[in-house]
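As a plain string of letters, each chain reads:
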Amino acid sequence: MPTEVILPKVDMDMATGQISRWFAEEGARVKKGDVLFEIETDKAAMEIDAPASGVLRDVTGKEGVDIPVGAPVAWIYADDEAYGADVTAAKQDKGPISLPVEEMSAKPTEGAPPTSHSVTPPSALPGISPTRGKIGQSPSGARATPLARRLAREAGLALASIIGSGPYGRVVKADIDAAIAKGGFKEASAVIPEAPAAATAAVPSAKPMSDDQVLKLFEQGSYELVPHDNMRKTIARRLVEAKSTIPHFYLTLDCELDALLALRTQINAAAPMKKTEKGEVPAYKLSVNDMVIKAMAMALKAVPDANASWTESAMVKHKHADVGVAVSIPGGLITPIIRHADEKTLSTISNEMKDLASRARSRKLKPEEYQGGTTAVSNLGMFGIKDFAAVINPPHATILAVGAGEERAVVKNGEIKIATVMSVTLSTDHRAVDGALGAELLVAFKRLIENPMGMLV
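Residues numbered from 1 in each chain as written. Predicted model: local features only at pLDDT ≥ 70, side-chain atom pairs only at ≥ 80, totals over all residues. Heavy atoms only, no water.

Visitor: What is the right way to read the packing of aromatic side chains from this model?
Guide: Summed over the entire model, instances satisfying the criterion amount to one aromatic pair. Pairing Trp-22 with Phe-37 gives two aromatic rings, centres 4.9 Å apart and planes at 55°, and the pair type is tilted. One end of the pair, Trp-22, is in strand 2 (residues 16-22); the other, Phe-37, is in strand 4 (residues 35-40), and 15 residues separate them in sequence. For the residue pair Trp-22 and Phe-37, the accessibility class agrees, reading buried in each case. (Phe/Tyr/Trp six-rings, centres within 6.5 Å; stacked < 30°, edge-to-face > 60°. Helix = DSSP H or I, 4+ residues; strand = E, 2+ residues; numbered from the N terminus. Buried < 20%, exposed > 50% of the residue type's maximum accessible area, 1.4 Å probe, protein only.)

Here is the structure:
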């Protein structure tokens, strides 16, 4: 039996990916472990190895096309496996499976994942098991994509009465549209009772404006349409998820930076020199953000109850302070993570952050370098932003928004003096970190920023 080559899931949030480049052509002989193709996800580009040795056939995964996770993109035939006229005939008997991308399920393991293009499995594979349902057959248990279920529910259609044309007999959007056009079969009123008018009015369904509704507001020819890439789609989905499911609570404090800036100058001046291809350069060069990362990590260790994540069944108490740092990249942003930041020296954090940011911008980060973490820092101070509130990145319970350090008039002992002040805003998941606990965390952060020698011991 030929070995199926699928588009693997290389990112926790990955639903689709694009093959940016094939390293082997149709009919090429490959060895197990050879690089077959490169995947471009919304966050990174990764090389995928061949799962077996043999001849590459039936390459269905096209470059630059959105392909759902788990979808077959090619098959590898062993040297003793037949490939020819019998295969072609068998393919004609089965026919291609057209899988539109809008039918993509958020849980690919629930059934065969759809693809954004037509996929023809190799003839050497056995026929579809009758227990899984055949294409065109009415599915047992009314298997359907989430989108099809929602459309059927809104139209009052009985799924069991609809013949699915999707993989393994799954009901897809096209089947629902066809059923609606033909009149369909309505669900029995006893099964889906109509909601009382008062209840319906009390809980209005909030729906965003459709594309057509938005475009009708603007004169034709006064705009151009730039399709969303995978990164922008993922960012949009996660932001809506975060603001819809996490009760955000905000706390703001002002921190004086003069002592920190002076210590930073001393540390950088004392940096040893190292030889590179460009000559001798300092072994490290601390930024204010490096010290913010360290202070946030140490504050979480000082207030361990705030170093947590919420789940419906339990509070996840983290043993380490892993700080994600928002990095702007073309088309969006990503948050590489400084692991065990509370235990690392400032110079280590600085050099590690420079490396992560550089590879983030070239989309060369590994999934483990940006997945997880226990909190995050977003710094817009370099743009002159005074203060802002950041959106929490699940599964974190906190994120610190850092504004610009600027000279301000402050009152000390009844006298007005000039100090360099930085405003920071802590966004918290109120389910995991309430107001008093968030305030305790922010005060611990302020103490470290204003007494930075504490970060050196």
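Visitor: Is there a simple way to think about helix 8 (residues 288-302) in this case?
Guide: Because an α-helix packs 3.6 residues into every turn, residues spaced three or four apart end up facing the same way. Between its first and last C-alpha, helix 8 extends 21 Å over 15 residues, near the 21 Å set by a 1.5 Å rise per residue. The buried count for helix 8 comes to 11 of 15 residues, which makes it a mostly enclosed element. (Expected span 1.5 Å × (residues − 1).)

Visitor: Got a minute to help me understand the sheet that holds strand 3 (residues 29-30) in this structure?
Guide: Hydrogen bonds along the backbone pair up the strands of a sheet, which may run parallel or antiparallel. Ordered in space as 1-8-6-3, the four strands form an open sheet in which the pairing is antiparallel. Since the sheet does not close on itself, it has two edges, and those belong to strand 1 (3-6) and strand 3, each with one partner. Across four bridges, strand 1 lies against strand 8 (residues 72-77) in antiparallel orientation. If you follow Thr-3 over to strand 8, its bridge partner there is Ile-76. (Pairing = 2+ DSSP bridges.)

Visitor: Can you help me understand the environment of Gly-372 in this one?
Guide: Among the structural elements, Gly-372 can be located in the loop between helix 9 (346-361) and strand 20 (375-379). Taking the relative accessible area as the measure of exposure, Gly-372 reaches 30% and is therefore partly exposed. In sequence terms Gly-372 and Pro-395 are 23 residues apart; their C-alpha atoms lie 7.3 Å from each other. In this structure, Gly-372 is in contact with Ile-337 and His-396, ignoring residues within four places of it in sequence. (Contact = heavy atoms within 4.5 Å.)

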